[in-house]
Amino acid sequence: MLRILVCLKQAIDVSQLKADPSTGRLVTAGVPRKISDFDKNALEEAVRLKEKLGGEVVTLTASAEDAKTSIREALAMGADKGYFIYDEALLGSDTLAVSTALAGAIRKIGDFDLILCGEASIDGFSAQIGPRLAELLNIPIVTYARKVSVEGETVTVERALEDRYETVKCKTPAVVTVTKEINDPRIPSLMAIMKASKKEIVNWKLADIYVAPEKVREAGWGVKIVDVLAPKVERKRIVIEGENPAEIAEKLAKALIQEGVVGR
Amino acid sequence: MSRQSGVWVFSENDDLMLELLAGGRAIATVRNAELAAVLLGSAVESKADKLIQHGADKIFIVDHPTLERFQVDTFLDALTTLVKRNTPETLLVGSTKNGKELASRLAARLEAGCTPDCTQLTVNGEGRLVTKRIVYSGNAVVTATYIRKPQIATVPSRTFEKLEPTERKGEVVKAEVEIEPPKVEVVAVNKVEVADVKIEEAEIAVCGGRGIERKEDFKPLEELAQLLGGQVSNTRPLAEDRKWFTGWVGLSGKKTKPALYIGCGISGMIQHVAGMRDSRVVVAINKDPEAPIFEVADYVVVGDLYEIVPALVEALKKELKK
């Protein structure tokens, strides 16, 4: 019986972001939220391990915003129960503060064989929550997994690094962060969605997991955001046209020589 | 704890460590502080001189047989002990995948903040480190600063240019530390054919995307890169979905900032653009006139890469001979 906990972040749907044209500041209010892409891969992997080896999958989310729709989606994908730390004190929290809250919740929920996270979130992309959790819980961690298998108390993982794949082993309990390529997350059936509405979402405040609010408010952060701006793109966007590929190529070659970027 | 001061750099990648010294030097100068490099490994003392020549005032060395091969578990133990003992104010770590894991775990152990993949580092009026980095899949640049110390940041390769080496004096400190046996055991390592090992350093980058139907069709791109003395790379789907390569250019992969970037059959997903936006001149070749890559290109070619790329090779051969 495997007990797996999956950390789910409700992320900003980055494809729908817009900047305020007068200030260049990014507007995140009103932008749709979704389960962060890689976290969905982590959930899918957890559900597959459960289907193969038996056990239980629970999800854990911490947010200052309502994330129940996202958690409901995770339940439809095959999680058995969702834990939700829904507390406005988490507004603006950095990875130090969020990992403290998540670790508090995990200690309260109980023992797990595996804690799965996405390699990073699709919005902040800090890749810190998994590694920080492993340290707070004092258990092994394997990052960037593209394959995971569990046998008894041993987890075997293939890690995708820049120039190599590394096969590593460690004992459970362990934290594993997964890449997008590990699987294709399922799209839940109508039946699964209906069944999910009967599954439990446990709502907690920070007090319920014995985490003091000052741990997650500004005094507890390591880093604070000063500004979020749309990146400046100043490109010439010169369209090179011609009768045939040879003519286009010639014009382009001349332009590049003039730019001084070739033939130096 | 004594007052926190000093700027430290560490990377398991020797080249990246030299680049970090350049970034660290600027911060150390503003803070009127010492710049130190951390050298971990087995029989690594010979590397100390080069680090001093590239800007380090001090080298902390941990020479330990268990550090012969890089592993986050063991290197983290050594680094944590050194940081706790010597209390630097700022620590820059090279942004490799392992480097980011190391920095995050170190931050957790020290209850510190950590900012990953910083593309700019400055110091504000209060003496605190200010970082810039790309978030929201390339849609935003976030500026952040630190509330507590030590201030930990990870920095990707090619963010800073190495300093010119000069003859200077530095102090070498050898430290003894306890290292626990690693919790994670490496059982196999498979090097995979890597087309783009040096894409971060390329002066000219020729990149292929999903518009390339078969791996063999990279040939004209390779020819183009070879002609110009550049490197070939690719987008994430070609590595991870089609398994043609292991690496890629993009937010989650490598960052390239060449003088010339030529994107062939690349749609221009924001994640890919995040890895090439700092290129000086961008050429995009794509059949689809609506391809988002054209928004971030200096030269837009709407056409079939299978025709344009070979024609460009011929045209450049001709024009460059003149």
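Residues numbered from 1 in each chain as written. Chains lettered and ligands numbered in written order. Predicted model: local features only at pLDDT ≥ 70, side-chain atom pairs only at ≥ 80, totals over all residues.

On to the environment of Asp117 of chain B, then. Within the secondary structure, Asp117 of chain B is located in the loop between strand E5 (113-115) and strand E6 (120-123). Put simply, Asp117 of chain B and Ala188 of chain B are 71 residues apart on the chain and 28 Å apart in space, counted from C-alpha to C-alpha. (Helix = DSSP H or I, 4+ residues; strand = E, 2+ residues; numbered from the N terminus.)

A few words on the interface of chain B and chain A. Every contact between the two is made by 71 residues of chain B and, on the other side, 69 residues of chain A. Those elements that place two or more of their residues in the side of chain B that touches chain A are helix H4 (97-109), E5, strand E7 (129-135), strand E8 (140-146), strand E11 (185-191), strand E15 (281-286), strand E16 (299-302) and helix H8 (305-321) of chain B. Looking at the side of chain B that touches chain A residue by residue, the class counts come to 41 nonpolar, 13 polar and 17 charged. Bridging between strand E11 (residues 164-171) of chain A and E11 of chain B involves six bridges; their strand directions are antiparallel. Counterpart to Glu166 of chain A in the pairing with E11 of chain B is Val189 of chain B. (Contact = placed C-beta atoms within 7 Å. Nonpolar A, V, L, I, M, F, W, Y, C, P; charged D, E, K, R; others polar. Pairing = 2+ DSSP bridges.)

What follows covers the domain arrangement of chain B. All names here are of chain B. Partitioning chain B into domains gives domain 1 (7-174) and domain 2 (199-321). If you average the C-alpha positions of domain 1 and of domain 2, the two centres end up 32 Å apart. Counting residues at the interface gives seven residues for domain 1, matched by nine residues for domain 2. Considered class by class, the residues forming the side of domain 1 that touches domain 2 number two nonpolar, four polar and one charged. (Domains from an automatic or database assignment.)

Okay, the domain arrangement of chain A next. Partitioning chain A into domains gives domain 1 (2-220) and domain 2 (235-264). Computed from C-alpha atoms alone, the centre-to-centre distance between domain 1 of chain A and domain 2 of chain A is 47 Å.

Quick look at the packing of helix H3 (residues 72-86) of chain B against H4 of chain B now. The angle between the axes and the distance between the axes are what describe a pair of packed helices. All names here are of chain B. For the pair H3 and H4, the least separation of the axes is 10 Å and the interaxial angle reads 45°. If you check the angle between H3 and H4, you find them oblique. Between H3 and H4 lies a crossing whose hand is right-handed. Here Val72, Phe75, Leu76, Leu79, Thr80 and Val83 of H3 come into contact with H4, specifically with Asn98, Glu101, Leu102, Arg105, Leu106 and Arg109. Residues of the contact of H3 with H4, tallied by class, amount to seven nonpolar, two polar and three charged. (Axes fitted to C-alpha atoms, helices over the stretch in contact; angles between N-to-C directions. Parallel < 35°, antiparallel > 145°, perpendicular 65-115°, else oblique. Left-handed = near helix turned anticlockwise from the far one by under 90°.)

The next thing to look at is the sheet that holds E6 of chain B. Spatially, four strands are ordered E14(A)-E8(B)-E7(B)-E6(B) in an open sheet, and the strand pairing comes out antiparallel. Because the sheet does not close on itself, it has two edges, and the strands there are strand E14 (223-229) of chain A together with E6 of chain B. In this sheet, adjacent strand axes meet at a mean angle of 25° when their direction is disregarded. When E14 of chain A meets E8 of chain B, the two strands line up antiparallel, connected through six bridges. In the strand pairing of E8 of chain B, Val228 of chain A is matched with Val142 of chain B. Those strands touched by helix H1 (residues 14-31) of chain B are E6 and E7 of chain B, and its axis lies near 10° from that of E6 of chain B.

Interaxial distance between helix H7 (residues 245-259) of chain A and H8 of chain B falls to 8 Å at its minimum, and their mutual angle equals 50°. Considered as vectors, H7 of chain A and H8 of chain B are oriented oblique to each other. Two packed elements cross with a definite hand, and for H7 of chain A against H8 of chain B that hand is right-handed. Contacts from Pro245, Ala246, Ile248, Ala249, Glu250, Leu252, Ala253, Lys254 and Ile257 of chain A of H7 of chain A reach H8 of chain B at Glu307, Ile308, Ala311, Leu312, Glu314, Ala315, Leu316 and Glu319 of chain B. Split by residue class, the contact of H7 of chain A with H8 of chain B holds 12 nonpolar, no polar and five charged.

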